[in-house]
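# Structural overview for review
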Amino acid sequence: MTAFPDPADDAVGEVVELVSTLIRFDTSNTGEPDTTKGEAECARWVAAQLEEAGYETEYVESGAPGRGNVFTRLRGSDPSRGALLIHGHLDVVPAEANDWSVHPFSGAIEDGYVWGRGAVDMKDMVGMMIAVARSLARAGITPPRDLVFAFVADEEAGGKYGAHWLVENRPDLFAGVTEAIGEVGGFSLTVPRRDGGERRLYLIETAEKGLCWMRLRAHGRAGHGSMINDDNAVTTLAEVVARLGRHRFPLVLTEAVAQFLAAVSEETGLTIDVDSPDLEGMIEKLGPMARILNATLRDTATPTMLQAGYKANVIPATAEAVLDCRVLPGRQAAFEAEIDELIGPDVTREWVTNLPPVETTFDGDLVEAMNAALLACDPDARTVPYMLSGGTDAKAFSELGIRCFGFAPLRLPPDLDFSALFHGVDERVPVDALTFGTRVLHHFLTHC
Ligand SMILES: [Zn+2]
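Residues numbered from 1 in each chain as written. Predicted model: local features only at pLDDT ≥ 70, side-chain atom pairs only at ≥ 80, totals over all residues. Heavy atoms only, no water.

Per an unreviewed UniProt entry, the recorded name for the protein is Peptidase M20 dimerisation domain-containing protein, and the organism is Mycolicibacter longobardus.

## Overview of the pattern of salt bridges
Rule in force here: By definition, a salt bridge exists where a carboxyl oxygen of Asp or Glu is found within 4 Å of a side-chain nitrogen of Lys or Arg. Between buried and exposed lies partly exposed: a residue is buried under 20% and exposed over 50% of the maximum accessible area for its type, with that area taken using a 1.4 Å probe on protein chains only.
This structure, assessed with the given rule, holds 36 salt bridges. The partner of Arg-331 in a salt bridge is Glu-338, and the shortest N-O contact between them spans 3.2 Å. As far as the burial class goes, Arg-331 and Glu-338 line up, both buried. In this structure, Glu-336 engages Arg-349 in a salt bridge whose closest nitrogen and oxygen atoms are separated by 3.3 Å.

## Quick notes on the packing of helix α3 (residues 123-138) against helix α13 (residues 431-447)
Quick reminder of the rule: Simply put, an axis is a line fit to the C-alpha atoms, just over the touching stretch for a helix, and the angle between two N-to-C directions goes from 0 to 180 degrees. Strands are runs of DSSP state E lasting at least 2 residues, helices are runs of H or I lasting at least 4, and numbering of each runs from the N terminus. Angular relationships are summarised with four words: roughly parallel below 35 degrees, roughly antiparallel beyond 145, roughly perpendicular across 65 to 115, and oblique for the angles in between. Each helix crossing is assigned a hand: it is left-handed if the near helix lies turned anticlockwise from the far helix by less than a right angle, otherwise right-handed if that turn is clockwise. Residues count as neighbours in contact if any of their non-hydrogen atoms are within 4.5 Å of one another. Throughout, the ten residues Ala, Val, Leu, Ile, Met, Phe, Trp, Tyr, Cys and Pro are labelled nonpolar, Asp, Glu, Lys and Arg are labelled charged, and all others, Gly among them, are labelled polar.
α13 packs onto α3 with a crossing angle of 50° between their chain directions and a minimal axis gap of 9 Å. With respect to α13, the element α3 is oriented oblique. Here α3 runs over α13; the crossing is right-handed. Listed contacts from α13 to Asp-124, Met-125, Met-128, Met-129, Ala-131, Val-132, Ser-135 and Leu-136 of α3 are Leu-434, Gly-437, Thr-438, Leu-441, His-442, Leu-445 and Thr-446. By residue class, the composition of the contact of α3 with α13 is nine nonpolar, five polar and one charged.

## Topic: the coordination of the zinc ion
Short version of the rule: Only nitrogen, oxygen and sulfur atoms qualify as donors, provided they sit within 2.8 Å of the metal or within 3.2 Å for Na, K and Ca; with water excluded from the atoms, sites may seem incomplete. Just to be clear on the cut-offs, tetrahedral is four donors with all angles between 85 and 135 degrees, square planar is four donors and octahedral six with opposite donors over 155 degrees apart and all others between 65 and 115, and anything else goes down as irregular.
Protein coordination at the zinc ion: the donors are His-89 (NE2), Asp-121 (OD), Glu-183 (OE) and Glu-183 (OE), at 1.8 to 2.6 Å from the metal. Considering all four donor atoms around the zinc ion, the spread of angles at the metal, 53 to 155°, places the coordination shape in the irregular class. As a motif over one chain, the donors of the zinc ion read H-x31-D-x61-E. Of this pair, His-89 sits in strand β3 (residues 83-89) while Glu-183 is found in the loop between β7 (177-182) and β8 (187-192), placing the two residues 94 residues apart along the sequence.

Below, the structure is given as structure tokens:
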């Protein structure tokens with residue numbers, strides 16, 4: 001990639017093997033503490049890699065045995081500046097081996113990819129973090145500000161036994177931290193340029209929708225299934241669930257989405273008319289990333305679970321459903337009012353989980369440093385802000401007043417359906433993307 005020796009070469013030389021080894025730790029998070037495994041072993045291995053390069057580490061269990069986390073800090077040259085948190089989660093979602101081309105915990109390095117569960121979510125970034133941290137220590141590099149590297153448990157089940165526990169119980173680990181980077185951002189999206197060439201946009205996550213899991217409950221009159229019953233809880237609930245599932249919430253253009261669409265329009269020459277009833281259709285021209293982008297235009301309330309009854313000929317007294325709701329910044333009160341209107345008086349609702357959105361602006365020295373690091377490694381790069389429709393550990397860290405970004409840099413092949421790899425079958429990361437990302441991260445952390 002570069003003709004002269006790059007200070008990142010040392011990190012680049014070991015990142016692929018680090019990611020492969022990380023994948024071989026089966027850290028499947030089932031959502032149930034009893035069956036979740038591997039985090040402690042993986043965390044201790046990460047600590048050993050850091051200690052080998054001269055770091056002191058702290059191993060912390062977050063709220064239950066085996067929920068392993070590792071922290072280390074590299075002192076910067078200017079202690080008056082706030083520290084930067086670089087965070088990655090060690091757990092992964094489970095994988096069904098029969099569905100895969102390779103074993104999901106093999107970490108196979110084949111056809112230019114590292115394969116396995118966690119390859120993009122997010123043992124890729126974890127491997128890059130370890131490689132760069134080791135390289136900085138070996139070279140005796142003092143970064144401009146304190147760097148706090150955090151490797152945490154339980155992100156895939158919401159961080160109750162990970163980031164949220166750490167924020168509530170061990171805020172000392174984040175002393176002096178003002179800004180953070182983690183998943184899901186820094187990856188490239190190739191778009192056609194208006195002049196015929198191509199442009200690589202690097203999507204920096206500056207915002208996340210709020211995550212609210214809502215339980216609906218309908219009450220009716222229990223009775224025999226053979227008789228007329230005009231107060232059937234199953235019927236009442238089903239009508240409300242169908243109404244919510246089909247509902248389209250109003251279009252609300254947040255700053256991150258507006259800036260993203262303006263940049264795309266400028267590069268591609270595509271007219272993106274935000275007043276068009278087919279805005280989603282225009283965004284679909286950008287390829288599979290539209291699945292995420294279109295989900296950031298509106299609030300969503302998606303039915304995911306239904307529960308009622310215990311026998312075919314018994315009408316139950318209650319019926320329940322769970323909806324996965326994702327709410328835009330600033331929309332919570334309006335969203336709840338709209339929901340109440342839709343569900344009516346016969347169904348009650350409660351939050352199972354309610355985590356507010358995260359939002360920051362796309363400006364300042366840290367954004368400049370991301371930009372410079374990407375341009376140093378890809379002269380055709382352009383950074384753009386975007387909003388993630390899902391949630392990450394940034395929700396927990398922002399509770400400490402930390403300004404959070406998604407920045408886990410990867411240069412991806414134009415035709416790779418990147419968003420489908422998250423939690424997907426045959427999850428894999430290009431070797432080239434890893435070596436590229438390691439160079440970018442090294443540049444960024446030495447100039448942040
Ligand atoms: Zn993740």
